[in-house]
Amino acid sequence: MLMKQNTSKSFSIFSILMLLLFFFPSNVLAQSSSGSPDFITSMIVATVIIVFGAIVFVTDSLLQLEGKRQLEGKDIKVDASLFPKNLNGNAADLPSYIPKDRYLKLRRGFDIKLEGKPEEKIIETPHVTRYSVSPMDFHGIAPIPKVVPEEGDAVLAGDELFFDKRNPEIKFVAPVSGEYIGLERAEKRAVKEVMVLADKEIKFRELPQLDINVAERTDIVDFLKKYGGWVHLRQRPFDTIPNPEDIPRDIFISTFDTAPLAPNLNFSTQGEEAAFQAGIDMLNKLTDGTVYLGLDGRAKEVPSPVFADAKNVEKYWFKGKHPAGNVGVQIHHIKPIKKGDVVWYLHPHDVITLGRMLTERRYNTERLVALTGAEISPNFYTRIRPGANMGELLSAVEFKEENVRVVSGDVLTGKKKSNDEFLGFFEDQVTVLLEGDYYEPFGWLLPQEVRPSISPTFPGFIFPDMEYRADTNSHGERRAFVVTGQYEEVLPMDIYPQHLVKAIMTNDFERMEGLGIYEMSEEDIALCEFVCTSKMPLQQILREGLEIVNE
Amino acid sequence: MVDNIIKLLEKYEPNKEKQPFLWTLYDGFHTFLFAPNHVTKAGVHIRDNMDLKRTMIHVVLMLQLCYLFGTYNIGHQHFLALGEYTGFLEGAHLKLMYGLWQLLPIFIVTHVVALGIEFYYASKKGHSIEEGILVSAALIPLIMPPDLPLWILAVGVAFAVIIGKEAFGGTGMNIWNVALLSRVFIFFAYPTEISGDEVWVAGLESTFAGSAVEYGWVHLTLFNGLFGWLGLAQFDPTLSVVDGFTGATPLALAFAGGWDAVTEVYTQSQMLWGAIPGSIGETSKPLILIGAIGLAALKIASWRIMLGMVLGVVFTGLLLNMWGATPFMTVPWYHHIYIGSFLFAMAFMATDPVTAASTNRGKWIYGFLIGFFGMIIRILNPAYPEGWMLAILLMNTFSPLIDHLVLRKNIQKRLASA
C-alpha cells in the first residue's frame, strides 16, 4: 500500500513537471515565428527534466525496495522513500498519544454532515414496555427459527427465546425479563419479531462463573452459545453469525463511528473499562491471532481510556472521513481478508455485553443509544437495550414534522422502522429524517435548498462545515452506469467497486472473488450508493453477490 | 402552485399501455419540469442530489461558449472569403445572422433525428428517456462543417444513434462515442462533404477566386429588409471570392509545407482565438479550455484523460520532431496543441465516461494512447491531416481491454497474497 502511494506520488510530480514543460515554451512562442530555436531549447529542457525525474524515480524505488527487504518479516510499517508519506500528511502535528508507526491516514471518503447531532447528555426515557429480538437482524439464519417459550410464559433477561434449526446450540436470548407475548410474521411466514412484555424492574438469569484465565476455548464457546453471547459476534466475509467450528484468524473492533450523526463512542462507553477489558480478554481466548482495535486518529478528541488503555490488543489509529470508522475498511488496511480467511468483528457495545457476562454474570445489553436527526428535539443519549419499541423509545422527544421516517441506525445503513417496530439488535442510534415525497420544480437543475453532495456543481464544497437537513427524496431516477470513478473517490480501499458490482450483476463468480468481494460489506459500499449518480441499489446488489459467493 | 401544476399535468397523462410513445414524451416532460417524488426504499435513506440529468446539462452548458463563437465564426469566415468586413468585429450583425441561419438547421435536424429515435426506442422498451442523447445531440453540430447538406447530417445522426447506441441497449451500454460515430459515418460515406479545403467556409460556390456567393431569399428578403429598416449594412449578392483566399485549414497547410506554410496564411493569435476555417465548434481554443477546465473542476469529465492526452501529444510530438522526415513532422510539438481540433477532442470527446476507460489508472493509459495515436494519424496519414476522431474511436474499442488489464493486476495482487 505504501509502495503504491509513493509511485503515484512520484508520478504526479513527474506529470506536473511535464505540464510545466508544456507551458514553458508558450512564453517564447509569441516572439519567434520559426520553431527551431524553441524546439532545441525545449528538447534540452525536456531531456534534463526526464533524466532528473528518472534519477529521482529510480532512487526512490531502490530505497523502497531496500526498506522493504530490511523490514521483511517484521510487523512494522516504515515509509522508506524520498517522499515519505509523513511529510505530505501532517504526521508532524500528530498528538503525542498517537504512535506514528500505528497511524494510517485515509485520503478518500466523505463526511455527510447533517443537522441533529446528539448532545453529550443522558436523559432517561420512560419505561419501554415492549422488546423484541428480530431474526431478520442476522444474516445467514433460517427465516423460521424454533421459538422456545409458550405464549404467556415468564422469561428472565438472558433466558432462551429461540434458536436457528440449523445450529440449535446457538441461543438467542431475551434482552429483558417479562412475559413472552408472541411472534410477528412477515411474508412467507418468516418470523419478524419475537416479543417480550418487559417488567418494570428487570430480573436477570444468573450466569455461571467462568474464570477466563483457566477456561478452555471450548468452555468459552459453549458458554457464549448457551447464554446468548455468541450472536453478538459477527463474521467477515458475509457478515453472518460465526460458525462455532471456525477459529478466526483475527478479531477486529472499531472504536469510532464516522457514519452520519453517529454517536460518539467515547461518550457512550464511558465508565465501562472493566467490562470492555473482560470482553477483550475473552476474545483473545477465541482466536489464535490478534485482537485489533481501530482507534480514532482524527485528533479531534482524546479517545476514552476504555479504548486507549485497553490491554492485550493491537491498536491502529485511523484518520479520515467516513468510512474510515468502518471495521471493514480498517481490516483492509491492517490485514486484508483473503479467500478462505475468516475474521470476526464486534461493535464495542457488544464487547461490553460479553464482558458483563463475565464481570456481572448476567446478560445485560444496556447501552447508550443516540436519538439523532433534525426532525426531533432534543437530540440526546438514552440508556436502553436493543430491541426496544421505537414508538415508546421516541415518546420522550418532540417531533418537528409529521411526515418523517424513523431509521434504526444511521441514514446510510439503517432500517426504516414504524412505531410498532423495534430498535435493531446491533444498533446504538436512531435517526429521524424528513420524508422527501415531493415534486421539485427543475430540481435536477437548481435545487431549492442546499443538500449534501460530493459534486462540486453544488456550492457545498465551499462550506465544508455546513450541516444539512436532508430528506429521503432520491433526487433523480435510476439509470444505467454512466459516470465512472465516482465510487473510488469515497471508498478508501484498493478495490474497484463499480467493477465489482458489475461482476455481481453478471454473476461472474471468479471476478467477484478476484475483485475483493470478501472484503466488502454493505456498510462499506453504502457511501458509494449515496453518491451514485445512476441511483443504483448497491447495498442490495452486494448482498445478493455475497449470498451467491457464500453458497 | 406546484401542486396545481402537477394536478393539471396528471389530468392529461396518457395511458402507458395504449399510447406508449405519448406516455414516454409525457414522462420526459414531467421529469424535466419536476424532479420526481420518489423516495429511497432499501439501502441508503438519503441520496446525493446529483443525477444524470444534472451531469449531462453541465456538459451542454460548457459547450455554449463554443456554440456562440462557432455561430459567429461561420459568418466571419464567409465574409473573409468575400474580402468584406475582414476585421473580426466588423459587420457583426451580418456575421451573426448568417452564422445563425447556417447553424440552426443543423442544430434542429440533429436534435429532431436523435431525440426522435431516442423517444421511439424509449417508448418501445418502456424505459424513461435517457439524458445522454442530449449531450450527443449538442456535440454533433459542433464537429460538423458549416456547409454540410442536411440530409447527410440526418443519415449520419440516425446511423450513430441506432447502430452506435440503441443497438447496444442505450445510454451507458454503447461502445463508441455517438457523436464521433456520426461524424465518422459521414467521413467514410461522403468524404467530399467533410474533408478537403472546400467545405469549411459556408455559402460559396467554391473557394476559387471569383466564384459567386450563394444567398437565399431569407438573406436577401428577410434579413436585408430588417437590416435596411434598422439602417444597417445588408447582404450583398454581387460579391465573389477574392484573390488569394484559401479555405484550407492550418493542418492542411502544415501537411503540405510545414509550419512556414501555415504562418504564411494564419497568424498564431488567429489560430489560438479561432478565427479560422474549421468544424463549427472546435476553432476557439480559449473557449474550449474554459469548458475543459470547467468540466474537470466540476468533476464531470476526467482530468486524468485530459492530462494523459496532453502527455501523449507531447511525447509523440517530440518523437516525430526528432524524426523530421516530412514537412509536417518538423512542425514543433507545442504547435500541435492548438492547431486542429485537439483541444475540443480532449475536452468533450475523449472524456465521455461511457466509452472511456473506467478505472483511474486506465484513464491515464487511455488518454495517453489517444494522444499518441491521434498524432500518428494526424501526421503520418497521407490522405487526411487530422486524427482525433479515429484515435478516439480506436481507443473506445480498446478501453475495455485497458480496464481488463488494470483489473487483472488488482485481481492478481489479491490472489498472490492469498
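Cut-offs used in this document
- Residues numbered from 1 in each chain as written.
- Chains lettered and ligands numbered in written order.
- Predicted model: local features only at pLDDT ≥ 70, side-chain atom pairs only at ≥ 80, totals over all residues.
- Buried ≥ 20, exposed ≤ 12 C-beta atoms within 10 Å, placed from the backbone.
- Helix = DSSP H or I, 4+ residues; strand = E, 2+ residues; numbered from the N terminus.
- Pairing = 2+ DSSP bridges.
- Contact = placed C-beta atoms within 7 Å.
- Axes fitted to C-alpha atoms, helices over the stretch in contact; angles between N-to-C directions.
- Parallel < 35°, antiparallel > 145°, perpendicular 65-115°, else oblique.
- Left-handed = near helix turned anticlockwise from the far one by under 90°.
- Nonpolar A, V, L, I, M, F, W, Y, C, P; charged D, E, K, R; others polar.
- Domains from an automatic or database assignment.

Residues and elements named next belong to chain A. The buried count for strand β14 (residues 367-372) comes to 6 of 6 residues, which makes it a mostly enclosed element. With burial as the criterion, each face of β14 is covered, one bearing Arg367, Val369 and Leu371 and the other bearing Leu368, Ala370 and Thr372. Strand direction decides the pairing type here: β14 and strand β16 (residues 380-384), joined by 5 bridges, are antiparallel. Note that in β16 the partner of Arg367 across the bridge is Ile384. Here 3 bridges tie β14 to strand β20 (residues 429-434), and the two strands are oriented parallel to one another. Residue pairing in the sheet places Thr372 in a bridge with Thr431 of β20.

All names here are of chain B. With respect to the helices and strands, the residue Trp273 is situated in helix α10 (residues 268-273). With 12 residues separating them along the chain, Trp273 and Lys285 place their C-alpha atoms 5.9 Å apart. Those residues in contact with Trp273 that lie beyond four places of it in its chain are Ser284 and Pro286.

In this section: the sheet that holds strand β18 (residues 404-408) of chain A. Residue and element names in this part refer to chain A. Here 5 strands make up an open sheet; going across it, the order is β16-β14-β20-β18-β19 and the pairing mixed. Because the sheet does not close on itself, it has two edges, and the strands there are β16 and β19 (415-417). For this sheet the average axis-to-axis angle between neighbouring strands, irrespective of direction, equals 30°. By the bridge criterion, 5 bridges tie β18 to β20 in an arrangement that is antiparallel. Considered in β20, the bridge of Val407 is made with Thr431.

Helix-helix packing is described using two parameters, namely the angle between the two axes and the distance between the axes. Residue and element names in this part refer to chain B. Across the interface, helix α4 (residues 92-125) lies against helix α6 (residues 150-165) with an axial gap of 9 Å and an inter-helix angle of 30°. It follows from the interaxial angle that α4 and α6 lie roughly parallel. Here α4 and α6 pass one another in a crossing that is right-handed. Facing Pro105, Ile106, Val109, Thr110, Val113, Ala114, Ile117 and Glu118 of α4, the residues of α6 in contact are Leu150, Leu153, Ala154, Val157, Ala158, Val161 and Ile162. Of the residues belonging to the contact of α4 with α6, the class tally is 13 nonpolar, 1 polar and 1 charged.

Another point: the packing of α6(B) against helix α7 (residues 178-189) of chain B. Residues and elements named next belong to chain B. Interaxial distance between α6 and α7 falls to 8 Å at its minimum, and their mutual angle equals 130°. Overall, the two elements α6 and α7 adopt an arrangement that is oblique. You can see that α6 and α7 cross each other, and the crossing is right-handed. Mapping the contact onto sequence places Ile152, Gly156, Val157, Phe159, Ala160, Val161, Gly164 and Lys165 in α6 and Val178, Leu181, Ser182, Phe185 and Ile186 in α7. Of the residues that constitute the contact of α6 with α7, the class distribution is 9 nonpolar, 3 polar and 1 charged.

Where interface size is quoted, it is often the accessible area lost as the parts come together. All names here are of chain B. Here the domain parsing of chain B yields domain 1 (2-33), domain 2 (54-247) and domain 3 (256-418). For domain 1 versus domain 2, the separation of C-alpha centres amounts to 33 Å. Contacts between domain 1 and domain 2 engage 8 residues on the former and 7 residues on the latter. Considering only residue class, the side of domain 1 that touches domain 2 consists of 4 nonpolar, 3 polar and 1 charged.

Residue and element names in this part refer to chain A. Taking strand neighbours across the sheet as the criterion, the 6 strands line up as β1-β12-β11-β10-β13-β9 in an open arrangement whose pairing is mixed. This sheet does not close on itself; its edge strands, each paired only once, are β1 (103-105) and β9 (234-236). For this sheet the average axis-to-axis angle between neighbouring strands, irrespective of direction, equals 30°. For β1 and strand β12 (residues 314-319), the ladder comprises 3 bridges, and the chain directions are parallel. By the bridge assignment, Lys105 is partnered in β12 with Lys319.

Moving on to the pairing of strand β10 (residues 251-254) of chain A. Each regular strand displays side chains that alternate between the two surfaces of the sheet. Residues and elements named next belong to chain A. Where burial is concerned, the two faces of β10 agree: the one with Ile251 and Ile253 and the one with Phe252 and Ser254 are both buried. Pairing geometry for β10 and strand β11 (residues 291-296), over 4 bridges, is parallel. Directly across from Ile253, in β11, lies its bridge partner Leu293. The pairing of β10 with strand β13 (residues 343-346) spans 3 bridges and is parallel. Note on β13: the bridge partner recorded for Ile251 is Trp344.

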